[in-house]
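Report on the structure
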Amino acid sequence: MTEEIIIAGFGGQGVLSMGKILAYSGIMQDQEVSWMPSYGPEMRGGTANVTVIISDERISSPVLTRFDTAIILNQQSMDKFESQVKPGGTLIYDPNGITHHPTRQDINIYRIEGARLAAESGNPKIFNMIILGGFLKVKPIVKIENVEKGLQKSLPPRHHNLIPMNIEAIQTGMNHIETANQL
Amino acid sequence: MIDIQDIIKPENLVYEKSSLLTDNVMHYCPGCTHGVVHKLVAEVIEELGIQEQTIGVSPVGCSVFAYNYIDIDWAEAAHGRAPAVATGISRLHPEKYVFTYQGDGDLASIGCGEIMHACNRGENIVVIFINNAIYGMTGGQMAPTTLLGQVTATTPYGRDAKLNGFPMKITELIAQLDGTCYVTRQSADTPGAVRKTKNALKKAFQNTRLQKGTSFVEVVSTCNSGWKVTPVEANNWMRENMFKKYPLGDIKDI
Amino acid sequence: MAEVKLMKGNEVIAEAAIRCGCDGYFGYPITPQSEVMETLMARKPWEETGMVVLQAESELAAINMVYGGACCGKKVMTSSSSPGISLKQEGLTYIAGAELPCLVVDVVRGGPGLGTIQPAQSDYFQATKGGGHGDYHLIVLAPASVQEMNDFVDLGFELAFKYRNPAMILADGVIGQMMEKVQLSPYKPRWTEEEIEKISGSWALTGKKGRERHVITSLELDAHRQEDFNKKLQAKYRKIEANEVRFEKILCEDADYLIIAYGSAARICQKSIELAREAGIKIGLLRPITLYPFPTQAIAEMCGQIKGMLTVEMSAGQMVEDVRLAVNGRVKVEHYGRMGGVVPTPEEIVEALKNNFEL
């Protein structure tokens, strides 16, 4: 199994940390992982993206232009990455702020109202965990218990009290992802 | 008839060369201030008994070969970088006495950044600054401290503020930095001045022992070769012109 | 088994430095490697191992602090990225000229000038051919994974002290910024004063006690003596070239064509090789791990088997010159590169293969 994922959105949306939690979860089930971010002045406010690869085998290139899954959280990222999903691949997006919805017919497309759900919960910080939940619903490549272990590894101990809330957010995401185009 | 053996008896000894000065013949021009200051540095290190704990950093300039004359461990730094090299040594040998020995071109021009920041960090080092208002080794070009109107190889019509800017009182700038504990300007043109400079150097090395931060000792100096005058004329010119711009005395002592 | 962590290449440099018993790090912030010093400052190794970490006022100062620390026989290092490494060339030629050991990490970004902050390999010439003035070489290690970022810190220091020569880890923005699994090395204590005396006692500045004074300098006004010193340096480089070449071969046994690439480009090329082999092209990869000394012999030996070689670099073609010298006209050698911070895709490399060798 090899899953090549791009997560792309605004800086500050938790794009990089979502990728990191996913990568850590892969390690927890003894897989190879890589996490390659865009970096530089664009980090806050501008666009941010990260390529995460989880594989049973040694990972060759950490830099890719074709993805099994694209998780897209703003319009700029939609414009850039919709075309980079492999035929038969998966595109997951938050429709909030999206004016040009994806049109490809050769990929699976899912919608998740992450921003709205996070705002309704009163805690906008769990946005990225809701999105991660949606992803894990359609691509269950890592087990929830390994995500929990990954959170324990990647969060400093003083934040471990936040783990149940994060797991709950993942469940919320799993319950609210909707199919927009099914092959 | 007195025999030579009677003269060189220990009880007749009134002056001797510091044991830390090597027997290498100095390359400095006759009349140069470097030789006197080298002697003082050697004497101070010897008198404080810190030869085994002292590491010197020599600059680029006339005193590039300082390591040939004082019998301690030395590193030779790139032009202007001695304070950074001394920082590296001092941080890794915090118990040692580390000093730089730099001229005006090295310290105030190309190494202006390094000296400012080493002093600002309060590196526990001694800086010995020989200010003779000229680049000696490269053949007498203008230095940051060259006086207005002073003729050098690159100011053949005299230093002109419009063209070359103003003489730089870097020691006063250094004194503004909180990392420095002792900033003084001395000279070596009379026996009294030499004694004062020696006392200043001794205080500076004692400050290192007390971990007080950076001690900065400027010695207003002559370069009779670069100035194209005799040694005596050089001393007179220094007193008449340089002391006005660079007045002697302690600027800071805390 | 050592604990597996998920870390950025830059963070691993910092962690590996602490663990290998490094005595001092002197740095200046520059993208894309600022995490090295940030990680060190957050880790506070001065409380743990006694390692000194200092933010210098400039790259010039940082490398000269390294020079000062290296003079003392201590394990000292710095890190920077391309424009900063250009500033450090002055210090590096003095360090090479004074035959001092130290470690320099260069997380390369696109140039020339201020350039971009994106990954590049356009500083190969600067790293492997000296970089500053005078006839000298750094020992250059090119990591292709976060794990090698860990491993090469210790290896770099080992080689630096073995040959009294500065060593460089030549990474790039990809290797510095990406996170991968890494097994950190076990802790080694910093050298004691007695150990330093044993290893570097014949030259290090430790205070003149019961011996002749030690002088660290690269100055010699007598041309003939300076030539003699240069001959000694060159003899050392021949020894390094004979003993320290490191490279990796992937899928070369049955290969008709060969890609030669290092660092992150080598990783991308591994994907290209997967794609090319799916299309029936028998291709292998030779990855130089040491860029100086360069695996000249290993490349020359491939000439009998290989119909064509393609170097892939994130540059206009720098390493390709060394490959052509190794091949010496026996096989067609072509270059494919992207510049200025653009990272080539695995697919375009396959296209370049097909176009260059009419496959």
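What counts and how
- Residues numbered from 1 in each chain as written.
- Chains lettered and ligands numbered in written order.
- Predicted model: local features only at pLDDT ≥ 70, side-chain atom pairs only at ≥ 80, totals over all residues.
- Heavy atoms only, no water.
- Helix = DSSP H or I, 4+ residues; strand = E, 2+ residues; numbered from the N terminus.
- Rg over C-alpha atoms; globule rule 2.2 N^0.38 Å.
- Buried < 20%, exposed > 50% of the residue type's maximum accessible area, 1.4 Å probe, protein only.
- Contact = heavy atoms within 4.5 Å.
- Areas by Shrake-Rupley, 256 points an atom, 1.4 Å probe, with all protein chains shown as cover.
- Lys, Arg positive; Asp, Glu negative; His and termini not counted.
- Charge placed at Lys NZ, Arg CZ, Asp CG, Glu CD.
- Phe/Tyr/Trp six-rings, centres within 6.5 Å; stacked < 30°, edge-to-face > 60°.
- Salt bridge = Lys/Arg side-chain N within 4 Å of Asp/Glu carboxyl O.
- Domains from an automatic or database assignment.
- Buried area = accessible area lost by both parts, 1.4 Å probe.
- Polar contact = N/O pair within 3.5 Å; in protein donor to acceptor, adjacent residues only side chain to side chain.
- Nonpolar A, V, L, I, M, F, W, Y, C, P; charged D, E, K, R; others polar.
- Pairing = 2+ DSSP bridges.

1. What about the overall build of chain A?
A count of helices and strands for chain A gives 6 helices and 7 strands. Tracing chain A from N to C terminus, the helices and strands come up as β-α-β-β-β-α-β-β-α-α-α-α-β. Taking 183 residues into account, the globule formula puts the C-alpha radius of gyration at 16 Å, and chain A, at 15 Å, falls close to it. Projected onto its principal axes, the C-alpha coordinates of chain A cover approximately 45 × 40 × 35 Å. Classification of the 183 residues of chain A by burial places 56% in the buried group. Looking at chain A alone, contacts between residues at least 24 apart form 58% of all its contacts between residues at least 6 apart. Of the accessible surface of chain A, which amounts to about 7800 Å², a share of 50% is contributed by carbon and sulfur atoms. When the 16 basic and 18 acidic side-chain charges of chain A are each reduced to a single mean position, those positions are 4 Å apart.

2. A look at the packing of aromatic side chains
Evaluated as defined, the whole model comprises 12 aromatic pairs over all chains. Relative to A:Phe81, the ring of A:Phe67 lies with its centre 6.3 Å away and its plane at 80°, an arrangement referred to as edge-to-face. Placement of the pair is A:Phe67 in strand S4 (residues 67-72) and A:Phe81 in helix H2 (residues 75-81), with a sequence separation of 14 residues. Both residues of the pair, A:Phe67 and A:Phe81, belong to the buried class. Here the aromatic rings of B:Tyr28 and B:Tyr69 are separated by 5.8 Å at their centres, their planes lie at 55°, and the arrangement is tilted.

3. Description of the pattern of salt bridges
All told, the structure shown has 51 salt bridges over all chains when counted by the stated rule. Between B:Asp6 and B:Lys9 there is a salt bridge, with the nearest N and O atoms lying 3.7 Å from each other. Taking relative accessible area as the criterion, B:Asp6 reaches 34% and is therefore assigned partly exposed. Taking the shortest distance from any N to any O, the salt bridge between B:Asp71 and C:Arg213 comes out at 3.5 Å. Pair noted here: B:Asp71 is in the loop between strand S1 (54-58) and strand S2 (73-76) and C:Arg213 is in the loop between helix H9 (193-200) and strand S9 (215-216), and the two residues belong to different chains. Within this structure, B:Lys39, B:Glu43, B:Glu47, B:Lys198 and B:Lys202 form a network of salt bridges that share partners.

4. Topic: the domain arrangement of chain C
Residues and elements named next belong to chain C. Once the domains are mapped, chain C shows domain 1 (4-194) and domain 2 (248-357). For domain 1 versus domain 2, the separation of C-alpha centres amounts to 27 Å. At the interface, 30 residues of domain 1 touch 25 residues of domain 2. Between domain 1 and domain 2, the buried area comes to about 2100 Å², and carbon and sulfur atoms account for 54% of it. Remark: the boundary between domain 1 and domain 2 carries 3 salt bridges.

5. Notes on the interface of chain B and chain C
Across the boundary between the two partners, chain B contributes 34 residues, which contact 35 residues of chain C. Of the roughly 2800 Å² buried between chain B and chain C, counting both surfaces, carbon and sulfur atoms make up 61%. Contact with chain C buries area across many residues of chain B, yet B:Glu52, B:Asp73 and B:Leu92 alone supply 23% of it, more than any other trio. Run the count over chain B and chain C and you get 5 salt bridges. Residue B:Asp73 is joined to C:Arg211 by a salt bridge in which the shortest nitrogen-to-oxygen separation is 2.6 Å. Our count for the chain B to chain C interface comes out at 16 residue pairs in polar contact (both at pLDDT 80 or more). For the side of chain B that touches chain C, the elements supplying multiple residues, two or more each, are S2, helix H3 (82-92) and helix H5 (112-121) of chain B. Here the side of chain B that touches chain C takes 7 residues from H3(B), the largest share from any one element. Here the side of chain B that touches chain C is built from residues that sort into 14 nonpolar, 10 polar and 10 charged. Relative to S9(C), S2(B) is paired through 2 bridges, and the arrangement is parallel. Counterpart to B:Trp74 in the pairing with S9(C) is C:Val215.

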